[in-house]
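# Summary of the model geometry
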Amino acid sequence: MADTALMDKLVSLAKRRGFVFQSSEIYGGVGSVWDYGPLGVELKNNLKERWWRSMVHERDDIEGIDAAILMHSEVWEASGHVSGFTDPLVDCKTCKNRFRSDDARIKGEPGQPDAQCPVCGNKGTLTEPRMFNLMFKTFMGPVEDDASVVYLRPETAQGIYVNYLNVMQAARQKIPFGIAQIGKAFRNEITPGNFTFRTREFEQMEMQFFVKPGDDDRWFDEWRELRMQWHKDLGITPEKLRFHQHAADELAHYAKDGFDIEYQFPFGWQEFEGIHNRTDYDLSRHQECSGKKLGYVDTVNNERYVPYIVETSLGADRLALVAMVDAYREEEISGDKRVVMAFSPQISRINVGVLPLVKEDGMPEFARRIYDDVRLQYPAFYDAGGAIGRRYRRQDEVGTPYGVTVDGQTLDDNTVTVRDRDTLEQDRVGVDQLLAYLAERLGE
Ligand SMILES: [Zn+2]
């Protein structure tokens, strides 16, 4: 069951607290494009940084790159995107809306007199389905003609394939090895939606692992398990994660096997990462179209082959949405309602909020000194504005795990209260013990 009310509340919190804003909002917004606010960009950077560390820094067999968004247009002919990356679409001649031809809201056969437009309700106004390419197209240089067409990349993977020899030689890698990349990609989706789940501009975190043919099944299994474990280690609720294996008719024509990692969103189980065995399709196609040899020479075993590729492809925006949805809680405590973003400390932008109870008796100055100590160790936030209850609520909504409050007693005995976001328990802690107390809960 789709829980649209829950998504509406999350969208509203995301705006209120500065996670996600609609793009160009003062002009009425632009369809399915979103901007990350102060907390959202930190959340997304945090997730990207963890991914990069686990892929590139903690392994010897993966290198990173950052390829350009604009590529030679023949790349997209070789990859099959120019001819095959299309959806059948129909237009309404009256209201000018455009739909996928398999849109469930359309009654009747598009192109026929009895077919009804789902928006304006007119009959016989829908065109026959036409194929529509999902790539954004523009022109490079001063002349707008066919020879100067370039595309905004619809996936980051091709920037890795065309660089695979460069990277292998420069980094002195041998098969098996991988190349990782984080970057923007663009698809002119016709039915985008569900907040930041399906957007026209999005960020991918992809890793392409090059292996010897015959070793691909083993590596595929390994990457599938590693990726699932990574999400669990991030603190995502394990019961809301599952694999979905692609059936024969879901697989891309070149793919040998594919698994999605799905999350149980309020709008249903949906994919946010894919692990695919792409075989030697990509490198063979580039070899054919570019005329450059892209085979691998194994000098030890005296073999030559075109490597197989096992891909792990994760949506950065989708992962950020998973993190937000998974953290969202509504609770009622002794009659009071509250909303909590129960981020694990490793994801949360702020780990410790420091608050003076009131703005008098030297409490702000005292709190400020504690804040200056704590922030050297943990991401912290100082908040003196407004009633203490409102400030706690605010910290709950941004997901701060611990709140340190300076009150009247602090000035007498040098202790503060530490409030636990999840249990709401309050401990009285000596100021000189505070960092040790936090270290026990948040790590050094
Ligand atoms: Zn219409």
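The structure under discussion appears in the preceding block.
Now for a quick tour of the structure. It should be emphasised that the depicted structure is a prediction, and the values quoted were computed from it without experimental measurement.

### Notes on the pattern of salt bridges
Side-chain pairs of opposite charge can arise where the charged atoms are in close proximity. Summed over the entire model, instances satisfying the criterion amount to 36 salt bridges. We note a salt bridge from Arg105 to Asp103, for which the minimum N-O separation is 2.8 Å. Classification of Arg105 by relative accessible area gives partly exposed; the value is 48%. Under the relative-accessibility criterion, Asp103 is labelled buried at 13%. Note that Glu201 and Lys184 form a salt bridge whose closest N and O atoms lie 2.7 Å from each other. Of this pair, Glu201 sits in strand 10 (residues 201–211) while Lys184 sits in strand 9 (residues 177–186), and the two are 17 residues apart along the sequence. The partly exposed category is assigned to Glu201, whose relative accessible area is 31%. Through salt bridges with shared partners, a single ionic network connects Lys44, Lys48, Glu203 and Asp317.

### Side note on the side chain of Arg278
Assignment of secondary structure puts Arg278 in strand 13 (residues 268–279). One polar contact links Arg278 to Glu311, side chain to side chain, over a distance of 2.9 Å. Excluding anything up to four places from it in sequence, Arg278 contacts Glu155, Ala157, Gln158, Tyr161, Gln208, Tyr254, Ile309 and Glu311.

### Concerning the nonpolar core
Of all hydrophobic cores here, the largest spans 55 residues; its most connected members are Trp51, Trp223, Leu321 and Met324. With nine residues, the top contributor of residues to this core is helix 9 (residues 316–327). The contacts of Trp51, once residues within four sequence positions are left out, are Ala180, Gln181, Ile182, Met205, Glu206, Met207, Arg227, Trp230 and Leu314. With 23 residues, the next largest nonpolar core counts Ala367, Ala380, Val416 and Val418 among its residues.

### Section: unusual backbone geometry
In terms of backbone geometry, most residues other than glycine have negative phi values and most peptide bonds are trans. Following Ile175, the chain continues into Pro176 via a peptide bond in cis, with omega recorded as 0°. Summarising the element assignment, Pro176 is placed in the loop between helix 6 (164–170) and strand 9. Despite not being glycine, Asn414 has its phi angle at roughly 60°, a positive value. With respect to the helices, strands and loops of the structure, Asn414 is situated in the loop between helix 12 (408–413) and strand 22 (415–420).

### Re the environment of Ala384
Turning to its location among the elements, Ala384 is positioned in the loop between strand 20 (380–382) and helix 11 (388–398). For Ala384 and Met363, which are 21 residues apart along the polypeptide, the C-alpha to C-alpha distance reads 9.6 Å. With residues near it in sequence (within four places) discarded, Ala384 still touches Pro356, Lys359 and Arg391.

### Focus: the pairing of strand 18 (residues 336–341)
Examined bridge by bridge, strand 17 (residues 328–333) and strand 18 share six bridges and lie antiparallel to one another. Each bridged residue has a counterpart across the sheet, and for Glu332 the counterpart in strand 18 is Lys337. If you look at the hairpin formed by strand 17 and strand 18, you'll find two residues sitting between the two strands, and Ser334 has a positive phi there, around 40°.

### What about the layout of surface pockets?
Its volume calculated, the largest pocket comes out at about 1500 Å³. Forming the walls of the largest pocket are 46 residues, and the residues nearest its centre are Phe85, Glu155, Arg187, Glu271 and His276. Considering each element in turn, the lining of the largest pocket owes the most residues, six residues, to strand 13. Here the residues of the lining of the largest pocket sort into 13 nonpolar, 17 polar and 16 charged.

### What about the sheet that holds strand 5 (residues 98–100)?
By definition, the strands of a sheet pair up through backbone hydrogen bonds, in either a parallel or an antiparallel sense. The three strands are arranged 5-4-6 in an open sheet whose pairing can be described as antiparallel. Two strands in the sheet have a free side with no partner beyond their single neighbour: strand 5 and strand 6 (130–133). The mean angle between the axes of side-by-side strands here comes to 50°, regardless of whether they run parallel or antiparallel. As paired strands, strand 4 (residues 86–91) and strand 5 are joined by three bridges and run antiparallel to one another. Residue pairing across strands places Val90 opposite Phe99, the latter belonging to strand 5.

### Overview of the packing of aromatic side chains
With the rule as written, the count across this model stands at 16 aromatic pairs. Ring centres of Phe177 and Phe210 lie 5.4 Å apart, and the angle between their planes is 20°; on these two criteria the pair is classed as stacked. Linking Phe177 in strand 9 with Phe210 in strand 10, this pair joins segments that are 33 residues apart in sequence. Judged on exposure class, the residue Phe177 and its partner Phe210 are both buried. Ring pairing ties together the aromatic residues Phe197, Tyr263, Phe265 and Phe267, which thus form one cluster. For Arg318, the ring lying beneath its charged end belongs to Phe197, and the centroid distance is 3.8 Å. Between the NZ or CZ atom of Arg441 and the centre of the ring of Tyr437, over which it lies, the distance is 3.5 Å.

### Observations regarding the side chain of His286
Position of His286 among the secondary structure elements: in helix 8 (residues 281–290). We classify His286 as buried; its relative accessible area is 7%. Here Gln158 takes part through its side chain, which lies 2.7 Å from a polar atom of the side chain of His286.

### Digging into the coordination of the zinc ion
Expected angles at a metal are 109.5 degrees for tetrahedral coordination by four donors and either 90 or 180 degrees for octahedral coordination by six donors. Cys92 (SG), Cys95 (SG), Cys117 (SG) and Cys120 (SG) make up the full set of protein donors to the zinc ion, lying at 2.3 Å. Coordination at the zinc ion is tetrahedral, judged from the four donor atoms that bind it and the angles of 103 to 118° they form at the metal. Spacing between the donor residues of the zinc ion along their common chain follows C-x2-C-x21-C-x2-C. Taken together, the residues Cys95 in the loop between strand 4 and strand 5 and Cys120 in the loop between strand 5 and strand 6 connect sequence positions 25 residues apart. In this structure Cys95 comes out as partly exposed when scored by relative accessible area, which is 24%. On the basis of relative accessible area, Cys120 is assigned to the partly exposed category, the value being 32%.

The rules behind the values
- Every chain is numbered independently, its residues counted from 1 as its sequence is written.
- This being a predicted model, a pLDDT of at least 70 is required before a residue's local features are given, and a value of 80 or more before pairs of side-chain atoms are given or counted; all residues contribute to the totals for chains, interfaces and linings.
- The side-chain figures draw on all heavy atoms in the structure; neither hydrogens nor water molecules are used.
- Any Lys or Arg side-chain nitrogen found within 4 Å of a carboxyl oxygen on Asp or Glu counts as a salt bridge.
- Only protein chains enter the accessibility calculation, which uses a 1.4 Å probe. A residue is then buried if its area is under 20% of the maximum for its type, exposed if over 50%, and partly exposed in between.
- Counting from the N terminus, the helices are the DSSP runs of H or I reaching at least four residues and the strands are the DSSP runs of E reaching at least two.
- We call two N or O atoms a polar contact when they sit within 3.5 Å, provided that within protein one can donate a hydrogen and the other can accept it, with sequence-adjacent residues counted only if both atoms are side-chain atoms.
- By the convention used here, residues are in contact when the closest approach between their heavy atoms is within 4.5 Å.
- Residues enter a nonpolar core if they are buried and are Ala, Val, Leu, Ile, Met, Phe, Trp, Tyr or Cys, with the set joined through side-chain atoms within 4.5 Å.
- Two strands are counted as paired when DSSP detects at least two bridges linking them.
- With a 1 Å grid spanning the protein atoms alone, the term cavity applies to any set of points in which a 1.4 Å probe fits but cannot get out, the term pocket to an open set with protein on both sides within 12 Å along at least five of seven lines, and the term lining residue to any residue with an atom within 4 Å of a point.
- Grid points are joined across faces, edges and corners, and a volume is the space filled by probe spheres set on the points.
- Gly is placed with the polar residues, together with every amino acid not listed as nonpolar (Ala, Val, Leu, Ile, Met, Phe, Trp, Tyr, Cys and Pro) or charged (Asp, Glu, Lys and Arg).
- Angular values range over 0 to 180 degrees, each being the angle between N-to-C directions of two axes fitted as lines to C-alpha atoms, with helices fitted over their stretch in contact.
- Two rings from Phe, Tyr or Trp (for Trp, the six-membered ring) form a pair when their centres sit within 6.5 Å of each other. Planes less than 30 degrees apart are called stacked, planes more than 60 degrees apart edge-to-face, and all others tilted.
- Note on criteria: charge over ring means Lys NZ or Arg CZ within 6 Å of the ring centre, with the direction from the centre no more than 35 degrees off the ring normal.
- As a rule, N, O and S atoms within 2.8 Å of a metal are its donors, except that Na, K and Ca use 3.2 Å; water is not among the atoms, so sites may look incomplete.
- Here the metal geometry follows the donor angles, with tetrahedral for four donors whose angles all fall between 85 and 135 degrees, square planar for four and octahedral for six when opposite donors are more than 155 degrees apart and every other angle is between 65 and 115, and irregular for all the rest.

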